[in-house]
Amino acid sequence: MAVQSGISASLISQIERGRANPSLSVLTIIANTLNVPLYTLFINDVDTDSLISRKKDRKIIYRQDSAHTVQDILTPDFMRTHIKLLMMDLKPHSVTTKSYYVHER
């Protein structure tokens, strides 16, 4: 990394251990060397365990006729986004609607 970026190995080591406060120009050089956008160096680590909704913690949605479909909400509550990921369990010979959806061309 030091050879490719032109930044001393000592400074890179200090940055990696959180002992140095690199300038924006040094961060730009590091990003360019790694071939990543600069902003990716500022992304905090994400606790991936918090992104997973375990089966025992999932909310279950039943249609009025629960004999046909059951849906598990896979998106944890904290995400509060406009998108919810669902897993649908369709029973054999079940239907989700009485009519078909058609899109005009």
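See above for the structure.
Note that the structure is a prediction, hence the values are computed from the model and not measured. (Residues numbered from 1 in each chain as written. Predicted model: local features only at pLDDT ≥ 70, side-chain atom pairs only at ≥ 80, totals over all residues. Heavy atoms only, no water.)

Is there a simple way to explain the overall build of the protein in this structure?
The helix and strand tally for the protein stands at 3 helices and 3 strands. From first element to last, N terminus to C terminus, the protein shows the α and β order α-α-α-β-β-β. Expressed as a percentage of its 105 residues, the buried residues of the protein come to 16%. Within the protein, contacts between residues separated by at least 24 positions form 21% of all contacts whose residues are at least 6 apart in sequence. (Helix = DSSP H or I, 4+ residues; strand = E, 2+ residues; numbered from the N terminus. Buried < 20%, exposed > 50% of the residue type's maximum accessible area, 1.4 Å probe, protein only. Contact = heavy atoms within 4.5 Å.)

What is the right way to look at the layout of surface pockets in this model?
The probe, sized like a water molecule, is rolled over the atoms to show the empty space still left. In this structure, the largest pocket spans a volume of roughly 170 Å³. Taken together, Met1, Ile12, Ile15, Glu16, Leu27, Ile30, Leu34 and Leu41 make up the full set of residues lining the largest pocket. If you list the elements that add at least two residues to the lining of the largest pocket, you get helix H2 (9-16) and helix H3 (24-34). (1 Å grid on protein atoms, 1.4 Å probe; cavity = no way out; pocket = protein on both sides within 12 Å on 5 of 7 lines; lining within 4 Å. Points joined across faces, edges and corners; volume = space filled by probe spheres on them.)

How should I be thinking about H3 in this particular structure?
Every buried residue belonging to H3 is among Val26, Leu27, Ile30 and Ala31, and all of these are buried. Seen along its axis, H3 keeps its buried residues to an arc of 140°; they face one direction. Looking at the packing, one finds that the buried side of H3 touches H2. (Arc of directions from axis to C-beta.)

For this particular structure, what's the right way to read the environment of Lys55?
Counting through the fold element by element, Lys55 comes out in the loop between H3 and strand E1 (59-62). On the basis of relative accessibility, which here comes to 67%, the residue Lys55 falls in the exposed class.

I tried to follow the environment of Ser8 on my own but got confused; where do I start?
By secondary structure assignment, the location of Ser8 is in the loop between helix H1 (2-5) and H2. At 3.1 Å, the side chain of Ser8 forms a polar contact with the backbone nitrogen of Leu11. (Polar contact = N/O pair within 3.5 Å; in protein donor to acceptor, adjacent residues only side chain to side chain.)

Teacher, can you tell me more about a nonpolar patch on the surface here?
On the surface, Met1, Leu24, Leu34, Val36, Leu41 and Phe42 cluster together into a nonpolar patch covering about 530 Å² of accessible area. Mapped onto the secondary structure, Leu34 falls in helix H3. Residue Leu34 is classed as partly exposed on the basis of its relative accessible area of 45%. (Patch = residues over 30% accessible without salt bridge, like charges linked within 9 Å, V, L, I, M, F, W, Y side chains within 5 Å. Areas by Shrake-Rupley, 256 points an atom, 1.4 Å probe, with all protein chains shown as cover. Salt bridge = Lys/Arg side-chain N within 4 Å of Asp/Glu carboxyl O.)

Before we go on, may I ask you to explain unusual backbone geometry in this structure?
Peptide bonds are mostly trans, and most non-glycine residues show a negative phi. Positive phi, close to 60°, is recorded for Asn35, a residue that is not glycine. Tracing the backbone shows Asn35 in the loop between H3 and E1.

What is the right way to look at the side chain of Ser5 in this model?
Examined against the element boundaries, Ser5 turns out to sit in helix H1. Exposure remark for Ser5: the relative accessible area of 13% places this residue in the buried category. Engagement of the side chain of Ser5 in a polar contact is seen with the backbone nitrogen of Ile7, the distance being 3.1 Å. Once residues lying within four places of it in the same chain are set aside, the contact partners of Ser5 are Ile12, Ile29 and Thr33.

What's the story with the environment of Pro22 in this structure? I'm lost.
Looking at the secondary structure, you find Pro22 in the loop between H2 and H3. Counting along the chain gives 10 residues from Pro22 to Ile12, while the straight-line C-alpha distance between them is 9.2 Å.

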